[in-house]
Amino acid sequence: MNKRLLTVLSLGALILWSSFRTPDPKPKVLELTFVDHLKAGLIEQDVFVEKRKGSNMVYRVLPAEREQYLNSPIYTIKDAEHHDPFDAKKAGPYKKGKSLGMTLADWLKAKGTASYTCEEGWGTFTAEFENLVPNSVYTMWHFFMPAPPTVPFTGTLDVPLGDREGDQSIFKTDSKGNASIKVKFEHCLQMSGDQLMSGMAIALHTDGKTYGPDPGAFGKDTHVQLFAMLPKEEDIK
């Protein structure tokens, strides 16, 4: 068999194989809805109310207190405080920081949705938000925590979305509190598992600064407003 005939036959076989082979499946699209801590039945973490006016001491709001403090001004705290959305004993009191210039009801109006795909080792995450704090700096985080949570709670591991320097995780709101973020990154997000829960969260930076791979001082300068839990891989339709 001469080389020309062999080449023609090989090309024909390749075309025939291509026409019958199963096409690559489309990547699964994960749709997420962000919620605040209180809506999730947890203790609000990074904004605080002054339960006794003039005391200069503030508290995290418990789920059962939501309606009671909806119209109350919210504040930061003087010193950073670790997250613990499960233990009411960690709700305060704390030394009052600066006013956010809004009420708890305003804070809880925030909402957001996102879509995520993983294809050939690359993740694409797109999110839209409304009613965030206007003209403000935010960051997006991929967080992890033990499943079930430890008692006492040991906190979360927080990784910026996208590059490890945190540059891709930064976004800003407009004058109405609207914002969007789209990030494509190598190495897809890790979903939740039997021993580790995984999720996405956005944080407001009331000092207008970001801190690269570190979220910043929770409650003082950095304030998680919304989050969404990620499912297990096998639960993604």
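Summary of the structure given here. Remember, it's a predicted structure, so these values are computed and weren't measured experimentally.

Summing up its helical and strand segments, the protein chain has two helices and 12 strands in all. Scanning the protein chain from its N terminus toward the C terminus, one meets helices and strands in the order α-β-β-β-β-α-β-β-β-β-β-β-β-β. Burial status across the protein chain gives 42% buried among its 237 residues. Counted over contacts in the protein chain with a minimum sequence separation of 6, partners at least 24 positions apart contribute 70%.

A word on the pattern of salt bridges. Taken as a whole, this structure holds eight salt bridges when the rule is applied. Two residues, K90 and D84, come together in a salt bridge whose shortest N-O distance is 3.8 Å.

The next subject is the pairing of strand β4 (residues 94-103). Note: strand β2 (residues 57-58) against β4, two bridges, orientation antiparallel. Within β4, the position partnered with V58 by the bridge is Y94.

In spatial order, the strands read β1-β5-β6-β10; together these four strands make up an open sheet with antiparallel pairing. The open sheet has two edge strands, β1 (29-34) and β10 (179-186), and neither has a second partner. Recorded for the sheet is a direction-independent mean angle of 15 degrees between the axes of neighbouring strands. The pairing of β1 with strand β5 (residues 111-119) spans six bridges and is antiparallel. Pairing of T33 across the sheet is with T113, part of β5.

What follows is about the side chain of H83. Note on placement: H83 falls in the loop between β3 (73-77) and β4. Classification of H83 as buried rests on a relative accessible area of 16%. Here D46 takes part through its side chain, which lies 2.8 Å from a polar atom of the side chain of H83. In contact with H83, other than residues within four places in its own chain, are Q45, D46, R60, F153, F218 and V224.

Checked against the element boundaries, S72 lands in the loop between β2 and β3. We classify S72 as buried; its relative accessible area is 16%. Not counting residues up to four positions away in its chain, the partners in contact with S72 are V49, M102, T103 and L104.

Right, let's get into the layout of surface pockets. In this structure, the largest pocket spans a volume of roughly 330 Å³. What lines the largest pocket is a set of 20 residues, among which H37, H83, F143, M145 and T156 lie closest to the centre. Put simply, the parts of the chain that give the lining of the largest pocket at least two residues each are β7 (137-146), β11 (196-205) and β12 (222-230). For the lining of the largest pocket, the per-class residue count stands at 15 nonpolar, four polar and one charged. Roughly 170 Å³ of volume is contained in the second largest pocket. Together, 13 residues line the second largest pocket, and H142, R164, H187, C188 and L189 are the ones closest to its centre. Contributing elements (two or more residues each) for the lining of the second largest pocket: β7, β8 (157-160) and β10. Grouping the amino acids of the lining of the second largest pocket by side-chain chemistry returns seven nonpolar, four polar and two charged.

This part is about the sheet that holds β2. Ordered by their spatial adjacency, three strands build an open sheet running β2-β4-β3, and the pairing between neighbours is antiparallel. The sheet is open, and its two edges are formed by β2 and β3, each paired on a single side. Examined bridge by bridge, β3 and β4 share three bridges and lie antiparallel to one another. Residue pairing across strands places I77 opposite K96, the latter belonging to β4.

Moving on: the state of the cysteines. One pass over the structure, following the stated rule, counts one disulfide. Paired through a disulfide, C118 and C188 show a sulfur-sulfur distance of 2.0 Å. Judged by the torsion about the S-S bond (85 degrees), the C118/C188 disulfide is right-handed. On the criterion of sequence distance, the pair formed by C118 in strand β5 and C188 in the loop between β10 and β11 is long-range, its members being 70 residues apart.

Parameters and conventions
Residues numbered from 1 in each chain as written. Predicted model: local features only at pLDDT ≥ 70, side-chain atom pairs only at ≥ 80, totals over all residues. Heavy atoms only, no water. Helix = DSSP H or I, 4+ residues; strand = E, 2+ residues; numbered from the N terminus. Buried < 20%, exposed > 50% of the residue type's maximum accessible area, 1.4 Å probe, protein only. Contact = heavy atoms within 4.5 Å. Salt bridge = Lys/Arg side-chain N within 4 Å of Asp/Glu carboxyl O. Pairing = 2+ DSSP bridges. Axes fitted to C-alpha atoms, helices over the stretch in contact; angles between N-to-C directions. Polar contact = N/O pair within 3.5 Å; in protein donor to acceptor, adjacent residues only side chain to side chain. 1 Å grid on protein atoms, 1.4 Å probe; cavity = no way out; pocket = protein on both sides within 12 Å on 5 of 7 lines; lining within 4 Å. Points joined across faces, edges and corners; volume = space filled by probe spheres on them. Nonpolar A, V, L, I, M, F, W, Y, C, P; charged D, E, K, R; others polar. Disulfide = S-S within 2.5 Å.

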